[in-house]
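Residues per chain, in single letters:
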Amino acid sequence: MTKAIPTTQARREHERVVAEMPVRQEGSLGTTRNVSASGVFFEIDGSVAAGSEISFAIEMQTDLGPMTMKCQGLVVRTEQRDGRMGVAVRMTESRLEAV
């Protein structure tokens, strides 16, 4: 299920949508919390540093079957959330692959 998140922040280019999907980032497992055309926020068991460039993969179910979106991006913000690391990423590259 997806739900649009209203925002008053003018700096946001694209609407964010609530979406919980599995995500993998360098051996750490996590879950997306929201996504947009240009970024994603997810929580993982590992840690990353704000300002770093990372690669990660989002697993999703589609009408065509399971797909993986392989992404690269810049970590714009991190935060501790209930023992996990919250990571906000501005995506710089992505490609969708059938599993």
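This structure is a prediction, so every number in the text was calculated from the model and none was measured. (Residues numbered from 1 in each chain as written. Predicted model: local features only at pLDDT ≥ 70, side-chain atom pairs only at ≥ 80, totals over all residues. Heavy atoms only, no water.)

### Quick word on the overall build of the chain
Part 1: Of the regular secondary structure elements, the chain holds zero helices and eight strands.
Part 2: Order of helices (α) and strands (β) in the chain, N terminus to C terminus: β-β-β-β-β-β-β-β.
Part 3: Buried residues in the chain amount to 38% of all 99 residues.
Part 4: By sequence separation, contacts in the chain at least 24 residues apart represent 41% of the contacts at least 6 residues apart. (Helix = DSSP H or I, 4+ residues; strand = E, 2+ residues; numbered from the N terminus. Buried < 20%, exposed > 50% of the residue type's maximum accessible area, 1.4 Å probe, protein only. Contact = heavy atoms within 4.5 Å.)

### A closer look at the pattern of salt bridges
Part 1: All told, the structure shown has nine salt bridges when counted by the stated rule.
Part 2: The closest approach of N and O atoms between R33 and E43, which form a salt bridge, is 3.1 Å. Of this pair, R33 sits in strand β4 (residues 28–35) while E43 sits in strand β5 (residues 39–44), and the two are 10 residues apart along the sequence.
Part 3: Given the relative accessible area of 10%, E43 is considered buried.
Part 4: A salt bridge links R84 to D45, with the nearest nitrogen and oxygen atoms 3.0 Å apart. Here the residue R84 occupies a position in strand β8 (residues 84–98), and D45 occupies one in the loop between β5 and β6 (53–62), the gap between them amounting to 39 residues.
Part 5: Owing to a relative accessible area of 55%, D45 belongs among the exposed residues under this scheme. (Salt bridge = Lys/Arg side-chain N within 4 Å of Asp/Glu carboxyl O.)

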